[in-house]
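Structural overview
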Amino acid sequence: MLAVFDLDKTVIDTSASMAYRRPLADRGLITTGEVVRMMVMLGNYMLTTHSDGDMDATRDTLTAMIRGRDAATLREVAREAMHDVIVPYIYSEARDLIRWHREQGHAVAIITASARDLVVPFADELGVDHLLATELEVDDDGLFTGEVLFFCRGRAKVDGLRALADRHGYDLDASWAYTDSATDLPLLEAVGHPHAVNPDRPLRKEATARGWPVEEFSRPEPLFSLTDRQSVIAGASASLAVLGVVATGLALWFRGREQDPGSDTAGH
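Residues numbered from 1 in each chain as written. Predicted model: local features only at pLDDT ≥ 70, side-chain atom pairs only at ≥ 80, totals over all residues. Heavy atoms only, no water.

1. Looking at the nonpolar core
Generally speaking, soluble globular proteins have nonpolar side chains that are buried together. F5, V11, Y20, I86 and F122 are the most contacted members of the largest nonpolar core, which has 47 residues in total. Ranked by residues supplied to this core, first place goes to helix α5 (residues 71-85) with seven residues. Beyond its immediate sequence surroundings of up to four residues, I86 is in contact with I12, A16, A19, Y20 and F122. Grouped together as the second largest cluster of nonpolar side chains are 22 residues, V4, A109, A182 and L203 included. (Core = buried A, V, L, I, M, F, W, Y, C linked by side-chain atoms within 4.5 Å. Buried < 20%, exposed > 50% of the residue type's maximum accessible area, 1.4 Å probe, protein only. Helix = DSSP H or I, 4+ residues; strand = E, 2+ residues; numbered from the N terminus. Contact = heavy atoms within 4.5 Å.)

Right, dumping it as structure tokens:
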């Protein structure tokens with residue numbers, strides 16, 4: 001039997017494709033303007049429901065950014081930066097569920113629309129048995145061409161899953177699938193035990209109508225324990241970040257009051 005997990009917003013509380021924006025910029029693989037664009041895309045992705053058309057547009061935007069870039073460098077960045085940009089966002093509930101499936105003797109697969117080049121290190125660290133991901137074309141010089149050989153979303157996820165099941169003899173009618181998006185309805189319909197995780201509105205409605213279990217994952221935490229020194233550094237960094245946000249907010253509030261003729265401090 002097999003347990004299949006979508007990645008973004010199901011196993012991790014972010015988008016794997018866009019989480020690497022800063023490390024990629026630091027290595028010169030994308031520009032500062034593209035970093036800003038990815039931040040906007042990430043915000044929209046995390047807050048709204050997305051259609052197949054939205055996913056196609058995101059794919060085209062991201063592949064255009066890395067066209068002509070060195071594939072080996074991108075893989076190196078993904079491996080080196082994983083513990084900073086992906087590991088802290090894993091849901092503890094997802095980790096516990098993966099552990100439970102392993103204890104039951106089930107194989108575990110990650111299935112994601114993110115590029116394989118970015119998520120292989122995370123899949124390896126998580127210790128899953130299989131990874132189904134988007135495959136990008138690389139030319140003879142090791143550069144991305146901008147072409148997508150396999151876009152792992154919607155019906156294509158099911159095609160990949162069935163091929164995997166055929167190769168390894170998995171019974172999909174006795175298998176599980178976990179995902180957050182209505183774009184993955186074909187994936188959920190392909191298994192005997194579909195579960196909606198942090199579902200968007202269309203999937204929640206569909207899951208409720210069909211009587212599928214709905215799971216709420218809400219506790220992102222690091223996959224591995226930090227050393228005491230790392231914990232102190234991480235805590236200090238977090239405290240400084242919070243103080244920075246508070247200071248910025250107070251500065252904007254005071255500026256607003258100074259500029260507001262109706263405020264008590266105006267003119268004083």
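That shown, we press on.
2. Topic: unusual backbone geometry
Unusually for a residue other than glycine, K9 sits at a positive phi of about 65 degrees. For K9, the location among the structural elements is in the loop between β1 (2-6) and α1 (16-19). In this structure, N198 takes a positive phi of about 45 degrees despite not being glycine. Within the element layout of this structure, N198 appears in the loop between β6 (193-197) and α10 (201-210).

3. Some thoughts on the pattern of salt bridges
Two side chains of opposite charge can pair, provided their charged atoms sit close to one another. In the structure shown here, the tally under the stated rule is ten salt bridges. The shortest N-O distance in the salt bridge between D96 and R99 comes to 2.9 Å. Within this pair, D96 and its partner R99 are both found in helix α6 (residues 92-103), separated by three residues, close to a single helical turn. Judged by its relative accessible area of 35%, D96 falls in the partly exposed class. The closest approach of N and O atoms between E189 and R210, which form a salt bridge, is 2.7 Å. Pair noted here: E189 is in helix α9 (residues 185-189) and R210 is in helix α10, with a separation of 21 residues, a long-range link. Since its relative accessible area comes to 38%, R210 is described here as partly exposed. Where salt bridges share partners, they join D6, K157 and D184 into one cluster. (Salt bridge = Lys/Arg side-chain N within 4 Å of Asp/Glu carboxyl O.)

4. Things to note about the sheet that holds strand β2 (residues 107-115)
Ordered in space as β4-β3-β2-β1-β5-β6-β7, the seven strands form an open sheet in which the pairing is mixed. Strand pairing shows two members of the sheet lacking a second neighbour, β4 (144-150) and β7 (214-215), which therefore form its edges. When β6 meets β7, the two strands line up parallel, connected through two bridges. If you follow V197 over to β7, its bridge partner there is E215. (Pairing = 2+ DSSP bridges.)

5. Quick notes on the packing of aromatic side chains
Under the criterion given, the structure shown has two aromatic pairs. Here the aromatic rings of F5 and Y178 are separated by 4.6 Å at their centres, their planes lie at 15 degrees, and the arrangement is stacked. Pair noted here: F5 is in strand β1 and Y178 is in strand β5 (residues 176-179), with a separation of 173 residues, a long-range link. Of the two residues, F5 and Y178, both sit in the buried class. (Phe/Tyr/Trp six-rings, centres within 6.5 Å; stacked < 30°, edge-to-face > 60°.)

Keep in mind these numbers describe shape, not what the thing actually does.
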